[in-house]
Protein chains: 2
Amino acid sequence: MRSSTPAESVLTVRIDAAVIAAHYAQLNRMGGDTTNGFDRPAYSHEETRVMLYFSQCAEACGLSHRVDAIGNLIIETTSISGQWIETGSHVDTVPGGGNYDGLAGVVAGFEALKAIRHSIRTLKHGLRLRIWRGEESAAFGIASIGSRAAFGQLPPASLSMTCRGKTLADAMTDQGINPNIIEQGRPAIATDELDSINAYIELHIEQGKVLESQLREIGIVTAIRGSRRSWVSLRGTFDHSGATPMGCDYRHDCNLAMAHMHVRLDQLLQKHITDGIDLVQTIGVINSHSGMSKKLTIDNNAVSKVSGAAFFSFEVRGCKADKVAAYHEQAEKLIHQTAAEFGITAAIETFSDQSGIAALDKPLQQQISRTCDSLKLDHMLMASGAWHDAGTMAQQRRTDGNHIPVGMIFIPCRDRAIALKS
Amino acid sequence: MRSSTPAESVLTVRIDAAVIAAHYAQLNRMGGDTTNGFDRPAYSHEETRVMLYFSQCAEACGLSHRVDAIGNLIIETTSISGQWIETGSHVDTVPGGGNYDGLAGVVAGFEALKAIRHSIRTLKHGLRLRIWRGEESAAFGIASIGSRAAFGQLPPASLSMTCRGKTLADAMTDQGINPNIIEQGRPAIATDELDSINAYIELHIEQGKVLESQLREIGIVTAIRGSRRSWVSLRGTFDHSGATPMGCDYRHDCNLAMAHMHVRLDQLLQKHITDGIDLVQTIGVINSHSGMSKKLTIDNNAVSKVSGAAFFSFEVRGCKADKVAAYHEQAEKLIHQTAAEFGITAAIETFSDQSGIAALDKPLQQQISRTCDSLKLDHMLMASGAWHDAGTMAQQRRTDGNHIPVGMIFIPCRDRAIALKS
């Protein structure tokens, strides 16, 4: 939000930049020692501390606030219509993360709520800010814990996932939240409250470099990429690196086969991009245990051995679930073909498959676009490469059968301090 | 050695296979719990135990035996000429190694010595068996500790290398050997003894699959590959795997660049092989700390991040040091070019460079060949892909300026139980 000249079609409310700075003067001290970025895992004391900060801010300006059964914080005005226009984001971070990912949307949402309430005495719909718990998958390996659990959509098995040796169930209990609601699969947002959500708009920093490299101020999000994540483990034969001649007749070299797989997968994806299919693909982890949910053994690999074992993570992201699935099928075929060519075996195990949101609400995108025009903000349409709580919201249907209209506003991150997140 | 019909040109001595089996009945119990292979690191109690076994065998049949200042065991006959024909090998193993690597040459050498002494009462030259300590580099990261130290060629810095938390100096001391001789760079084999070595012939299992796949019984070794080993570490940029578009403009992806390097290096080597240059190349370790002498950090790599760091081991082996060096130069160029193409940086650090033996003694090869012919053993000429103590011996010059004539006999390993070694 920034001050601007009013335009006829848009009611402009002003938020002083100093107010935002004042929030960060406090918030920049919350999250570990903060020398190497912030550390506020899902359901940690650090996350709760920021939640409490916003409760106090709401209290100080006479805004109603409550905590749902999952521990999400809700700050809201009253509503004449019985409908609410909602915004929201999260306050947890990845280890060493930035302090804008999630928090920027919470700070902006809180101040927007205050400013709009101040400017317009008789709002038709109420305003509501949801501060979600645990959006980052870095902690427990699950994204959007707070928003998914709020709608009763978090699998009970999630409670036994661990972060730094503590289960999610225990982490919740430590923050005064009873995990039974997840165990029982009950939503924290009752049907009446779900039906009262008129629209949900989330502001978030863009986590890539698209806005920055294209010199745009605002990204209007059209869709949200889902992700499919697998472990690919390879088994070949350990052989003496000096005595074993080159070539597949003698060597069943997992590392070499893996390199060929990686290059061929890169070529396969490029072909899809050329064909206009929106997908990204990443092999982030190779042969290392860091960040792994499962220990695959490569302990016998050595400098002077042909590698008899290897593994890698394989992630495909796209907005359209059917495109991701079709691509994944081709990729699996390519992996197995390459393995056979090198005389090794490959096993592919998908451990996470989250469908994307193929299209966010078009009228909301048009509304945001008109607002940018009137505020003279350079803007562009773009897909969100990362998952967000807005995605969970977009999956919900009200009792009238309609999806909740959801929009997202991307802003470039300050100094490209991109908080890496899932 | 096996029984055969005598031929005119060759004096045949017979060794009963049961005698070899009797040795292994004892030796198969020496080396850790032996359920998952043998474990006799350099300068361990297990290695010493096998040394003692052969001292007792020598004692039992009235052969002279002594231990040099490095702990190598020497079993020998007297010599009329003051010259000795030598054989030798090692008894240490890699962790989980087989019981034929090294040991086969020691057992064969001991029984050959006994049988020849028994068959020929008046040998012109004496016979000598050297049982070397610590040939495997798996323990302290240095190959041929015993033979190199015996000739005063082990760098004193080697004494501070560690195996399972113990320095080589301490491991030697534990086996009753004073490491000062290495500290001072003094040889254990005096000039007189060096000059008395008429020839050295080592029998060893072939550690590749060449004899097996070509159905040959004997390999006559023409040369011994040396090795050059480096760590290649890559630094790029960590980015969000969903939000960052594909392509080098957006991604500086170390894992992807590494895959392209690996495939291109494979192509470069294939081109050299096609050109008739004898080289092998192995990337045995990727992004894992197992078997590493140096910790390179890739701790920030994760499933949902573009990889900002990667590393791999790069080993090139060849008999001709100049060919290895020329190839390495091209490989380094290729690595740096590929890094630049992907917007990352590469650092290459060579941590071991052992020159090969370009040619073993030709007359000895002819002698072995004639012997095989007369014994009707299928044989072939071949380079040794692995390093052996014979290589150390081949590097030595007598005071007359001539190198010691060295030959090697390869046999296929039983059941392809290849002991992986450096």
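Coordinates for the structure precede this section.
So, here's what we can say about the structure. Quantities reported herein were computed from a predicted structural model and do not represent experimental measurements.

## Details of the overall build of chain A
- When helices and strands are tallied, chain A shows 12 helices and 16 strands.
- For the C-alpha atoms alone, the extent of chain A along its principal axes is close to 85 × 45 × 45 Å.
- A total of 422 residues make up chain A; the buried ones form 58% of that total.
- Accessible surface for chain A amounts to roughly 17000 Å². Of this, 52% is attributable to carbon and sulfur atoms.
- For chain A, the separation between the mean place of its 41 positive charges and that of its 45 negative charges on side chains is 2 Å.

## So, the pairing of strand S3 (residues 84-90) of chain B
Residues and elements named next belong to chain B.
- With 6 of 7 residues buried, S3 is to be regarded as a mostly interior element.
- Note: S3 against strand S4 (residues 126-132), 7 bridges, orientation parallel. In the sheet register, Thr87 faces S4, and the bridge partner there is Leu129.
- Note: S3 against strand S7 (residues 197-205), 4 bridges, orientation parallel.

## Thoughts on the interface of chain B and chain A
- Taken together, the contact between chain B and chain A spans 63 residues of the former and 64 residues of the latter.
- Across the chain B to chain A interface the summed buried area is about 5000 Å²; carbon plus sulfur atoms make up 59%.
- Our count for the contact surface shared by chain B and chain A stands at 2 salt bridges.
- We note a salt bridge from Lys209(B) to Asp239(A), for which the minimum N-O separation is 3.0 Å.

## Focus: the relation of the copies chain B and chain A
- For these two chains of identical sequence, chain B goes onto chain A by a turn of 180° and a shift of 0.0 Å along the axis, with RMSD 0.1 Å. Put plainly, the chains are arranged around a two-fold axis. Among all residues of chain B, the one whose C-alpha sits closest to the rotation axis is Ala259(B), at a distance of 2.1 Å.

## Describing the nonpolar core
- One finds Leu234(A), Phe312(A), Leu234(B) and Phe312(B) to be the most contacted residues of the largest nonpolar core, which totals 56 residues.
- Counting residues per element, the ones that place at least two in this core are strand S9 (226-235), helix H9 (254-274), strand S13 (309-318) and helix H10 (321-341) of chain A together with strand S9 (226-235), helix H9 (254-274), strand S13 (309-318) and helix H10 (321-341) of chain B.
- What Phe312(A) contacts, discounting residues up to four positions off in sequence, is Ser230(A), Trp231(A), Val232(A), Leu234(A), Met258(A), Met261(A), Ile283(A), Val285(A), Ile286(A) and Ile335(A).
- If you look at the next biggest cluster of nonpolar residues, it comprises 35 residues, including Leu27(A), Met51(A), Ala104(A) and Leu375(A).

## Quick word on the packing of helix H2 (residues 45-60) of chain B against helix H3 (residues 103-119) of chain B
Residue and element names in this part refer to chain B.
- For the pair H2 and H3, the least separation of the axes is 12 Å and the interaxial angle reads 10°. With respect to their mutual orientation, H2 and H3 come out roughly parallel. When H2 is examined against H3, the residues Val50, Phe54, Cys57 and Ala58 are found in contact with a partner set consisting of Leu103, Val106, Val107 and Phe110.
- Among the residues making up the contact of H2 with H3, the classes are represented as 8 nonpolar, no polar and no charged.

## Considering the sheet that holds strand S11 (residues 280-282) of chain B
All names here are of chain B.
- Strand order in the open sheet made by the 4 strands is S11-S13-S9-S14, with antiparallel pairing throughout. Edge positions in the sheet fall to S11 and strand S14 (345-354), since each has one partner strand and no second. Each strand axis lies, on average, 20° off the axis of its neighbour in the sheet, ignoring direction.
- The sheet contact formed by S9 and S13 spans 10 bridges and is antiparallel. Of the residues in S13, the one forming a bridge with Ser233 is Phe311.
- Those strands touched by H9 are S9, S11 and S13, and its axis lies near 15° from that of S13.
- Lying on the sheet, H10 is in contact with S9, S11, S13 and S14; it crosses S13 at an angle near 160°.

## Remarks on the packing of aromatic side chains
- A complete count under the given rule lists 12 aromatic pairs over all chains for this structure.
- For the ring pair Trp132(B) and Phe151(B), a centre distance of 6.5 Å and an interplane angle of 45° mean the geometry is tilted. One end of the pair, Trp132(B), is in strand S4; the other, Phe151(B), is in the loop between helix H4 (145-150) and strand S5 (162-163), and 19 residues separate them in sequence.
- Ring centres 5.7 Å apart and planes at 20° place the aromatic pair Trp231(B) and Phe351(B) in the stacked group. Of this pair, Trp231(B) sits in strand S9 while Phe351(B) sits in strand S14; the two residues are 120 residues apart in sequence, bridging distant segments of the chain.
- By relative accessible area, Trp231(B) is classed as buried at 3%.
- Ring pairs connect the aromatic residues Tyr53(A), Phe54(A) and Phe110(A), which therefore count as one cluster.
- Over the ring of Trp84(B) we find Arg128(B), and its NZ or CZ is 4.3 Å from the ring centre.
- Over the ring of Phe238(B) we find Lys305(B); its NZ or CZ atom is 5.5 Å from the centre of that ring.

## What to know about the pairing of strand S2 (residues 73-76) of chain A
Residue and element names in this part refer to chain A.
- On S2, burial covers both faces: Leu73 and Ile75 on one face and Ile74 and Glu76 on the other are all buried.
- The pairing of strand S1 (residues 64-67) with S2 spans 4 bridges and is classified as antiparallel. Across the sheet, residue His65 finds its bridge partner in S2, namely Ile75.
- Here S1 folds back onto S2 in antiparallel fashion, the turn holding 5 residues, of which Gly71 has a positive phi close to 100°.
- One ladder, built from 4 bridges, connects S2 with strand S4 (residues 126-132); its direction is antiparallel. By the bridge assignment for S4, Leu73 is matched with Ile131.

## Digging into unusual backbone geometry
- A positive phi angle, near 55°, is found at Arg164(A), a position not held by glycine.
- Relative to the helices and strands, Arg164(A) is located in the loop between strand S5 (162-163) and strand S6 (166-167).

## With respect to the environment of Ser355(B)
- Tracing the backbone shows Ser355(B) in the loop between S14 and helix H11 (362-374).
- Residues Ser355(B) and Ala325(B) lie 30 residues apart in sequence; the distance between their C-alpha atoms is 9.7 Å.

Definitions and limits used
- Residues numbered from 1 in each chain as written.
- Chains lettered and ligands numbered in written order.
- Predicted model: local features only at pLDDT ≥ 70, side-chain atom pairs only at ≥ 80, totals over all residues.
- Heavy atoms only, no water.
- Helix = DSSP H or I, 4+ residues; strand = E, 2+ residues; numbered from the N terminus.
- Buried < 20%, exposed > 50% of the residue type's maximum accessible area, 1.4 Å probe, protein only.
- Areas by Shrake-Rupley, 256 points an atom, 1.4 Å probe, with all protein chains shown as cover.
- Lys, Arg positive; Asp, Glu negative; His and termini not counted.
- Charge placed at Lys NZ, Arg CZ, Asp CG, Glu CD.
- Pairing = 2+ DSSP bridges.
- Contact = heavy atoms within 4.5 Å.
- Buried area = accessible area lost by both parts, 1.4 Å probe.
- Salt bridge = Lys/Arg side-chain N within 4 Å of Asp/Glu carboxyl O.
- Least-squares fit on C-alpha atoms with pLDDT ≥ 70 in both.
- Core = buried A, V, L, I, M, F, W, Y, C linked by side-chain atoms within 4.5 Å.
- Axes fitted to C-alpha atoms, helices over the stretch in contact; angles between N-to-C directions.
- Parallel < 35°, antiparallel > 145°, perpendicular 65-115°, else oblique.
- Nonpolar A, V, L, I, M, F, W, Y, C, P; charged D, E, K, R; others polar.
- Phe/Tyr/Trp six-rings, centres within 6.5 Å; stacked < 30°, edge-to-face > 60°.
- Lys NZ or Arg CZ within 6 Å of the ring centre and 35° of its normal.

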